[in-house]
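The residues making up each chain are set out below.
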Amino acid sequence: VWPGGDGARSPFDPKPSSFFSILAMRRTPVYIICSPRPQVGKTLIARLLCEFLLLQRGGVVGFVVNLKEPSLLDFLPRTTETADVDNTFGKMQLMDRLILNDDIAKVIDLGFHAFAEFFTMVGEIGFFKEAARRGVAPVVLFVADSDRASARAYAMLQSSVPARAFITIDNEYVLRGELPDALSHGRLLNIAALPVYVARRRMMKMEPPTIYMPEAAIETVEKILKLFTRLDRGRMPCQMLPIRPGD
């Protein structure tokens, strides 16, 4: 679910400052959604990105690395494959797919158990340099948290991933506060918790937002907002519009 309308830009808006502008390139995009922490919204972001790419490009391949937690495979089984980085053969299979400039977007739902092993492998083979040489455009989407493991992982990625390919995701539902200073030096993508976003616009006396989402999700989201209305004792005014394949 993402907000839009009334001058509020969607994170999918094709503008120069948005990492989604990379989609306009002829290079093959590879998105790596990651965090050393569980339950920070990685799979939700991977699912949203896959559904967007299906609408925008007509095709996408998702990869699940580590099945020890709920994954993209549970939601998009037809477009998702499993991958393994625990052995040399699995690593070779995955990298052969990711380094291929075939104009099919790839999205990696990287389980937190596999975080260290995956990026160790990426560093050892010089993945980012080889990707640039072959016309592949990798983007690392790091979902931030306030713990020490996230701070260490952020510092490691900042030193090993090209700045243009490294984006920190500030998921308000996870952090529930300000993004730690140590994680705020690069490119940022803010994901507002939907009830907070709607309530904030109401308090600032702004027009109700327009929210675009898959048609099947509208009824569920309406129920969620009604529950928050009861808890917050304030209205949650917004317009929800469905999106369908081809829109």
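The rules behind these values
Residues numbered from 1 in each chain as written. Predicted model: local features only at pLDDT ≥ 70, side-chain atom pairs only at ≥ 80, totals over all residues. Heavy atoms only, no water. Helix = DSSP H or I, 4+ residues; strand = E, 2+ residues; numbered from the N terminus. Contact = heavy atoms within 4.5 Å. Core = buried A, V, L, I, M, F, W, Y, C linked by side-chain atoms within 4.5 Å. Buried < 20%, exposed > 50% of the residue type's maximum accessible area, 1.4 Å probe, protein only. Expected span 1.5 Å × (residues − 1). Axes fitted to C-alpha atoms, helices over the stretch in contact; angles between N-to-C directions. Parallel < 35°, antiparallel > 145°, perpendicular 65-115°, else oblique. Left-handed = near helix turned anticlockwise from the far one by under 90°. Pairing = 2+ DSSP bridges. Salt bridge = Lys/Arg side-chain N within 4 Å of Asp/Glu carboxyl O.

Caption draft 1: Broad picture of the side chain of Ser 150. Mapped onto the secondary structure, Ser 150 falls in helix 5 (residues 148-160). In contact with Ser 150, other than residues within four places in its own chain, are Pro 36, Arg 37, Phe 142 and Asp 145.

Caption draft 2: Geometry of the nonpolar core. Counting residues in hydrophobic clusters, the biggest one holds 36 residues, and the most contacted among them are Leu 110 and Phe 118. Among the elements that line this core, the one with the most residues is helix 3 (residues 115-125), at 5 residues. When residues no more than four places from it in sequence are discounted, the contact partners of Phe 118 are Ile 32, Val 85, Leu 94, Met 95, Ile 108 and Leu 110. Among the nonpolar cores identified, the runner-up in size contains 22 residues, and Val 64, Leu 72, Val 107 and Val 139 belong to it.

Caption draft 3: Structural detail: the environment of Asp 181. Note on placement: Asp 181 falls in the loop between helix 6 (172-175) and strand 8 (187-191). When its relative accessible area of 62% is taken as the criterion, Asp 181 is described as exposed. With 30 residues separating them along the chain, Asp 181 and Ala 151 place their C-alpha atoms 9.8 Å apart.

Caption draft 4: Structural detail: helix 1 (residues 42-57). Here helix 1 is 16 residues long and its end C-alpha atoms lie 22 Å apart, about the 22 Å a rise of 1.5 Å per residue gives. Inspection of helix 1 places Lys 42, Thr 43, Ile 45, Ala 46, Leu 49, Cys 50, Phe 52 and Leu 53 among the buried residues, and these make up the whole buried set. One or two positions beyond helix 1, positive phi appears at Gly 58, with a value near 90°.

Caption draft 5: Local environment of the packing of helix 2 (residues 88-98) against helix 3. Between helix 2 and helix 3, the shortest axis-to-axis distance is 12 Å and the interhelical angle comes to 65°. Considering the angle they form, helix 2 stands roughly perpendicular to helix 3. When the axes of helix 2 and helix 3 are compared, the crossing they make is right-handed. In this structure, helix 2 uses Lys 91, Leu 94 and Met 95 to contact helix 3, whose residues at the interface are Glu 117, Phe 118, Met 121 and Ile 125.

Caption draft 6: How the structure looks around the pairing of strand 3 (residues 60-65). A large share of strand 3 lies buried, amounting to 6 of its 6 residues. Residue alternation in strand 3 divides its side chains into two sets, Val 60, Gly 62 and Val 64 and Val 61, Phe 63 and Val 65, and both sets are buried. Relative to strand 5 (residues 105-110), strand 3 runs parallel, the two sharing 6 bridges. Looking at the pairing, Phe 63 lines up with Ile 108 of strand 5. Pairing between strand 3 and strand 4 (residues 80-83): 4 bridges, direction parallel. Bridge pairing links Phe 63 to Glu 81 in strand 4.

Caption draft 7: Molecular detail of the pattern of salt bridges. Taken as a whole and assessed by the stated rule, the structure comprises 10 salt bridges. Between Glu 51 and Arg 47 there is a salt bridge, with its nearest N and O atoms 3.4 Å apart. Linking Glu 51 with Arg 47, this pair stays in helix 1, spanning 4 residues, or about one helical turn. A residue is classified by how much of its surface remains accessible, and Arg 47, at 30% relative accessible area, is partly exposed. Note that Arg 133 and Glu 130 form a salt bridge whose closest N and O atoms lie 2.6 Å from each other. A residue pair is termed a helical-turn pair when its members lie 3 or 4 positions apart in one helix, as Arg 133 and Glu 130 do in helix 4 (residues 127-134) at 3 residues. Overall, the relative accessible area of 61% leaves Arg 133 in the exposed class. Using a relative accessible area of 22% as the deciding quantity, one classes Glu 130 as partly exposed. Members of the salt-bridge network, linked through shared partners, are Arg 37, Asp 145 and Asp 147.

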